[in-house]
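Below are the chains, spelled out letter by letter.
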Amino acid sequence: MKVGVSLFAQNYVDWDRFEAAEAGASAESLPQLVPDAQIYREQFHLGKLTEPLGFDSLWTVEHHFTPYTMVNNPTQFLAYFAGATEKIDMGTMVVVLPWHDPIMVAEGYVALDHMLNGRRLKVGLGRGLGIREYNGHRVPMEESRERFKESLDVLRACLKDEWFSYEGQYHHIGRTSLRPRPRPDSRLLDDLYIAWGSPSSMPVAAHENCKPLFIPQRLWDDHKRELGEYNRIRVEEHGWKPERPTVVCWVYCAETDAEAEEGARQYITEYGDSALRHYQFLGDHLQGLKGYEYYAQMAKMRASMPEGADTAAIYLSNNVWGSPKTCLEKLENINSMMGADEFVAVFSYGAMPVEKAEASMRLFAQKVLPATQRFALAEPPLLVS
């Protein structure tokens, strides 16, 4: 199995200041505890360790406007590392198609693919969930599904044909050409991934012939069932072969389980809190919003939880933390359940000091990574009707 690293560039300690300023507090009275520039320097440092430590790939995400994650152009961000590395593959998790001109998205991927010059580039795509981000991009959130579909069609046309045109509801493109053209041996069209958080995204990925990218938000058993149904659709309804997913987890590796649990309970919990604040799950904007029915239901459930409820439990149970031995056991279980082709680890999140992130990353690389890379790939789940 291949094992990668993803960089999130979170400035978790800035949330209180950000939310106060967003609500109208005077910016002069709210000093920023950790500058965004420091977060970026630390992420560049960790990213440059990825290849020397033996990892197979480097990934990043796309988000805007909050301290949640501060990578607003994934292909630009990864281009820096394309020039700073020689061997590792790269991937996005994800670029949010409804926010962008799909031709600009295609140009970014093609340019990065040329920089990598034969190294693999996984094109992870999604439709986004943050109302701040939709508002900031001036895109109605209720149009996300239709915009995603159109943008995916345009992206494929850009990558497939030298001359293309498109006529849709949102995109009207006269006959044009993308330059530079994709590399002659480019695999971009073969490496389109769709991230799904809600169960309703599963059939979209299956019918669109895109590969699955899991960032676990429910129990692994639930994801296994969804993946089995995804592959059933592929095989029975389209005659395509089953596909393996790429799986992303938050990792905290320490010498002992007790030490790792202390760190995981703090920093993974902080990550969960950051996601809650960024997506504003306790607001009512998801209720009645077309295409987000699952998240609306989850928001209602979360809002009804009693004060003090352990809302971080799902993050702790799904992700990989512990001593090297325990981390390896958890990865073996994920591999056997999901039949993944690649595992992507997030080592830096919440208010974790960069020194702790680096220590976790180095220990994992020394004592977990070699054994994980030797995993025989398990069969992906496939439901049969």
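Before reading on, note that the structure itself is shown above.
Presented here is a report on the structure given in the accompanying data block. This is a predicted model, so every value here is computed, not measured. (Residues numbered from 1 in each chain as written. Predicted model: local features only at pLDDT ≥ 70, side-chain atom pairs only at ≥ 80, totals over all residues. Heavy atoms only, no water.)

Considering the packing of aromatic side chains
Reasoning step 1: Per the counting criterion, the structure on display carries 20 aromatic pairs.
Reasoning step 2: Among the aromatic side chains, those forming a connected cluster through ring pairs are Phe8, Tyr68, Trp250, Tyr271, Tyr279, Phe281 and Tyr315.
Reasoning step 3: Over the ring of Trp321 we find Lys330; its NZ or CZ atom is 3.8 Å from the centre of that ring. (Phe/Tyr/Trp six-rings, centres within 6.5 Å; stacked < 30°, edge-to-face > 60°. Lys NZ or Arg CZ within 6 Å of the ring centre and 35° of its normal.)

Regarding the pairing of strand 1 (residues 2-7)
Reasoning step 1: Burial of strand 1 is extensive: five of the six residues sit out of reach of the surface.
Reasoning step 2: Relative to strand 12 (residues 342-346), strand 1 runs parallel, the two sharing five bridges. Its bridge partner being in strand 12, Ser6 is matched across the sheet by Val346. (Buried < 20%, exposed > 50% of the residue type's maximum accessible area, 1.4 Å probe, protein only. Helix = DSSP H or I, 4+ residues; strand = E, 2+ residues; numbered from the N terminus. Pairing = 2+ DSSP bridges.)

Considering the packing of helix 4 (residues 102-116) against helix 6 (residues 144-160)
Reasoning step 1: Between helix 4 and helix 6, the least distance of the axes is 9 Å, while the angle of their chain directions is 45°. If you check the angle between helix 4 and helix 6, you find them oblique. Our pair here, helix 4 against helix 6, has a crossing hand that is right-handed. Side by side, helix 4 and helix 6 meet where Pro102, Ile103, Val105, Ala106 and Val110 of the first sit next to Ser151, Val154, Leu155, Cys158 and Leu159 of the second.
Reasoning step 2: Among the residues making up the contact of helix 4 with helix 6, the classes are represented as nine nonpolar, one polar and no charged. (Axes fitted to C-alpha atoms, helices over the stretch in contact; angles between N-to-C directions. Parallel < 35°, antiparallel > 145°, perpendicular 65-115°, else oblique. Left-handed = near helix turned anticlockwise from the far one by under 90°. Contact = heavy atoms within 4.5 Å. Nonpolar A, V, L, I, M, F, W, Y, C, P; charged D, E, K, R; others polar.)

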